[in-house]
Amino acid sequence: RAREEEEGGAMSSDPAPVIGSLDLSTAKLPEDVRRAAARAGLALSTVAYISNVGVLPGARCSGVAGELLSFAEATALAHLGVTRVFTHAKRSEMHDQKLLYFKHGYSLVEHHDHDHDQDHDQDKDQDQDKDQLEKKDTVLLTNSLV
């Protein structure tokens, strides 16, 4: 629907089914994204984080996620002044060069320091311990929009 509005198309009276979505954030950036941006000399106002990319099972492998990603990046660049986006992906999927993010120009952030995160968060409660376990299976990826 957002693509129809941007392209000047009329919206139908019947809402189209939602088959995919993603979140793009410029305000609440994960700490490892903030550190990576600082290492790259980027102002936080030019950085965004993409998360929760999801497509209904019946619509997967049809280009929906790629379209969502392209639309989010183009919108972030044109309307928010974002020049670099970050996202997390599962470490176990990094061998697959067909991974959505690789197909869209993302690359691995070299200094993704989970060890620092773990030391820093050691004294936090058990809910965050679960987050730490999930972080160990993730890597940080980035893409320049300019």
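Residues numbered from 1 in each chain as written. Predicted model: local features only at pLDDT ≥ 70, side-chain atom pairs only at ≥ 80, totals over all residues. Heavy atoms only, no water.

What about the layout of surface pockets?
Then comes step 1: Reported here for the largest pocket is a volume of approximately 820 Å³.
Then comes step 2: Forming the walls of the largest pocket are 27 residues, and the residues nearest its centre are Val53, Glu93, Leu99, Leu100 and Tyr101.
Then comes step 3: When contributions to the lining of the largest pocket are tallied by element, the ones reaching two or more residues are β2 (47-55), α3 (64-80), β3 (84-90) and α4 (100-103).
Then comes step 4: Per-element accounting of the lining of the largest pocket gives the leading share, 7 residues, to β2.
Then comes step 5: Tallied by class, the residues present in the lining of the largest pocket amount to 12 nonpolar, 9 polar and 6 charged. (1 Å grid on protein atoms, 1.4 Å probe; cavity = no way out; pocket = protein on both sides within 12 Å on 5 of 7 lines; lining within 4 Å. Points joined across faces, edges and corners; volume = space filled by probe spheres on them. Helix = DSSP H or I, 4+ residues; strand = E, 2+ residues; numbered from the N terminus. Nonpolar A, V, L, I, M, F, W, Y, C, P; charged D, E, K, R; others polar.)

Re the pairing of β3
Then comes step 1: The pairing of β2 with β3 spans 4 bridges and is classified as parallel. Paired with Tyr49 across the strands is Phe86, a residue of β3.
Then comes step 2: In this view, the connection linking β2 to its parallel neighbour β3 by way of α3 has right-handed handedness.
Then comes step 3: Examined bridge by bridge, β3 and strand β5 (residues 138-144) share 7 bridges and lie antiparallel to one another. Within β5, the position partnered with His88 by the bridge is Leu140. (Pairing = 2+ DSSP bridges. Right-handed = clockwise from strand over helix to strand, strands pointing away.)

Some thoughts on the side chain of Thr142
Then comes step 1: The topology assignment puts Thr142 in strand β5.
Then comes step 2: When its relative accessible area of 10% is taken as the criterion, Thr142 is described as buried.
Then comes step 3: For Thr142, the side chain forms a polar contact with the main-chain oxygen of Val85, separated by 3.0 Å.
Then comes step 4: Those residues in contact with Thr142 that sit more than four places away from it in its chain are Arg84, Val85, Phe86, Gly105, Tyr106, Ser107 and Val109. (Buried < 20%, exposed > 50% of the residue type's maximum accessible area, 1.4 Å probe, protein only. Polar contact = N/O pair within 3.5 Å; in protein donor to acceptor, adjacent residues only side chain to side chain. Contact = heavy atoms within 4.5 Å.)

With respect to the pairing of β2
Then comes step 1: Pairing of strand β1 (residues 20-25) with β2 involves 5 bridges; the strand directions are antiparallel. Residue Gly20 lies in a different strand from β2, and its bridge partner there is Val55.

Quick look at the sheet that holds β5
Then comes step 1: If you walk across this open sheet you meet the 5 strands as β1-β2-β3-β5-β4, and the pairing is mixed. One side of each edge strand has no neighbouring strand; the edge strands of this open sheet are β1 and β4 (107-108).
Then comes step 2: Packed onto the sheet, helix α2 (residues 31-39) meets β2, β3 and β5 and runs at close to 135 degrees relative to β3.
Then comes step 3: Where α3 meets the sheet, its contacts fall on β1, β2, β3 and β5, and the angle it forms with β1 comes to roughly 30 degrees. (Axes fitted to C-alpha atoms, helices over the stretch in contact; angles between N-to-C directions.)

Brief notes about the nonpolar core
Then comes step 1: Ranked by internal contacts, the top residues of the largest apolar core, which has 21 residues, are Leu69, Val85, Ala89, Tyr101, Tyr106 and Leu141.
Then comes step 2: Only β2, α3, β3, α4 and β5 provide two or more residues apiece to this core.
Then comes step 3: If one sorts the elements of this core by residue count, α3 sits on top with 5 residues.
Then comes step 4: Beyond its immediate sequence surroundings of up to four residues, Leu69 is in contact with Leu22, Ile50, Leu100, Tyr101, His104 and Tyr106.
Then comes step 5: Ala36, Val47, Phe86 and Leu140 belong to the second-largest nonpolar core, a separate cluster that totals 9 residues. (Core = buried A, V, L, I, M, F, W, Y, C linked by side-chain atoms within 4.5 Å.)

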